[in-house]
Amino acid sequence: MTIEELQQQVTELKKSLEAEKGKKERILDEKKSEQAGRRELEDRLKVFEDAKKEADEKAAIEKGEFEKVMATRDRELADAKNALDALTKGSALQDGLATLEIAPGMRRGVEALHADKVSIVDGKAVIDGKDPADYFKEWAGTDEGKAYVVAKNSGGDSKPSTPGAKPTSANPSFSGSPEERRAAIAAKFPDLK
């Protein structure tokens, strides 16, 4: 091989090396460009993810606040309904008891006996499913009721309600002279003779 041939080969190798070097630089530039594009996309994705996270947190906070407000309103509504029911029950109990003449000092006891029996049905207060006035009318006739209710004055030995009036009863009177009383007792208790 001659020097000229060798120089020509060196020149061709230099061209090939230059071409490879250029190719390599293009690949490196493309890779750098690709990496830069990738970094830009990653940065955009991070911004988007941060914005989405913030929006989700804000929505959760707003939802939590809404639920908190609704829970407060539900509680207030339930409290108001309970207060209204208690007022309705108390009023019905008082109205029912007003139909009776309760013995002095016994009213609170009667109220306590019946307070738990009052319930609300279709918006109305009832006691054992009955109107309070009807219930107390029946209750007053029971042995328990009679113990609390003041008996109305009636009968032959009752005192007249009008001053100077005489009792109007078929029952014998236990007042008057001793003979009248003996006669009244004998008439009332014939077995004592």
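Keep in mind that this is a model prediction, so the values were computed, not measured. (Residues numbered from 1 in each chain as written. Predicted model: local features only at pLDDT ≥ 70, side-chain atom pairs only at ≥ 80, totals over all residues. Heavy atoms only, no water.)

Undergrad: Would you explain the confidence of the model for the protein chain in this entry?
TA: Of all residues in the protein chain, 86% have pLDDT values of 70 or greater, and the mean over the chain is 81. Here helix α5 (residues 178–188) stands out as the least confident element of the protein chain, with mean pLDDT 75; helix α3 (residues 132–140) is the most confident, with 91. Here residues 154–172 scores under 50 on pLDDT; set against residues more than four positions off or in separate chains, the count is 12 contacts. (pLDDT = per-residue confidence, 0-100. Helix = DSSP H or I, 4+ residues; strand = E, 2+ residues; numbered from the N terminus. Contact = heavy atoms within 4.5 Å.)

Undergrad: Mind showing me how you'd approach a negative patch on the surface here?
TA: On the surface, E18, E25, D29, E30 and E34 cluster together into a negatively charged patch. Counting through the fold element by element, E34 comes out in helix α1 (residues 3–97). (Patch = residues over 30% accessible without salt bridge, like charges linked within 9 Å, V, L, I, M, F, W, Y side chains within 5 Å. Areas by Shrake-Rupley, 256 points an atom, 1.4 Å probe, with all protein chains shown as cover. Salt bridge = Lys/Arg side-chain N within 4 Å of Asp/Glu carboxyl O. Lys, Arg positive; Asp, Glu negative; His and termini not counted. Charge placed at Lys NZ, Arg CZ, Asp CG, Glu CD.)

Undergrad: Where do I start with the pattern of salt bridges in this structure?
TA: Working definition: two side chains of opposite charge can pair if their charged atoms are close together. Summed over all chains, the structure comprises seven salt bridges. Between K46 and D50 there is a salt bridge; the shortest N-O distance is 3.4 Å. Note that K46 and D50 are positioned in helix α1 at a spacing of four residues, about one turn of the helix. Classification of K46 as partly exposed rests on a relative accessible area of 47%. Accessibility expressed as a relative area gives 39% for D50, which makes it partly exposed. (Buried < 20%, exposed > 50% of the residue type's maximum accessible area, 1.4 Å probe, protein only.)

Undergrad: Got a minute to help me understand the packing of aromatic side chains in this structure?
TA: Each aromatic ring pair is summarised here by two numbers: the centre-to-centre distance and the angle between the ring planes. Inspection of every chain in the model, using the stated rule, returns three aromatic pairs. On the numbers, 5.3 Å between centres and 80° between planes, the contact of Y135 with F136 is edge-to-face. F136 sits in the buried class, given a relative accessible area of 0%. Ring geometry for F136 versus W139: centroids 6.0 Å apart, planes at 90°, classification edge-to-face. With F136 and W139 both in helix α3, this residue pair falls three residues apart, about one helical turn. (Phe/Tyr/Trp six-rings, centres within 6.5 Å; stacked < 30°, edge-to-face > 60°.)

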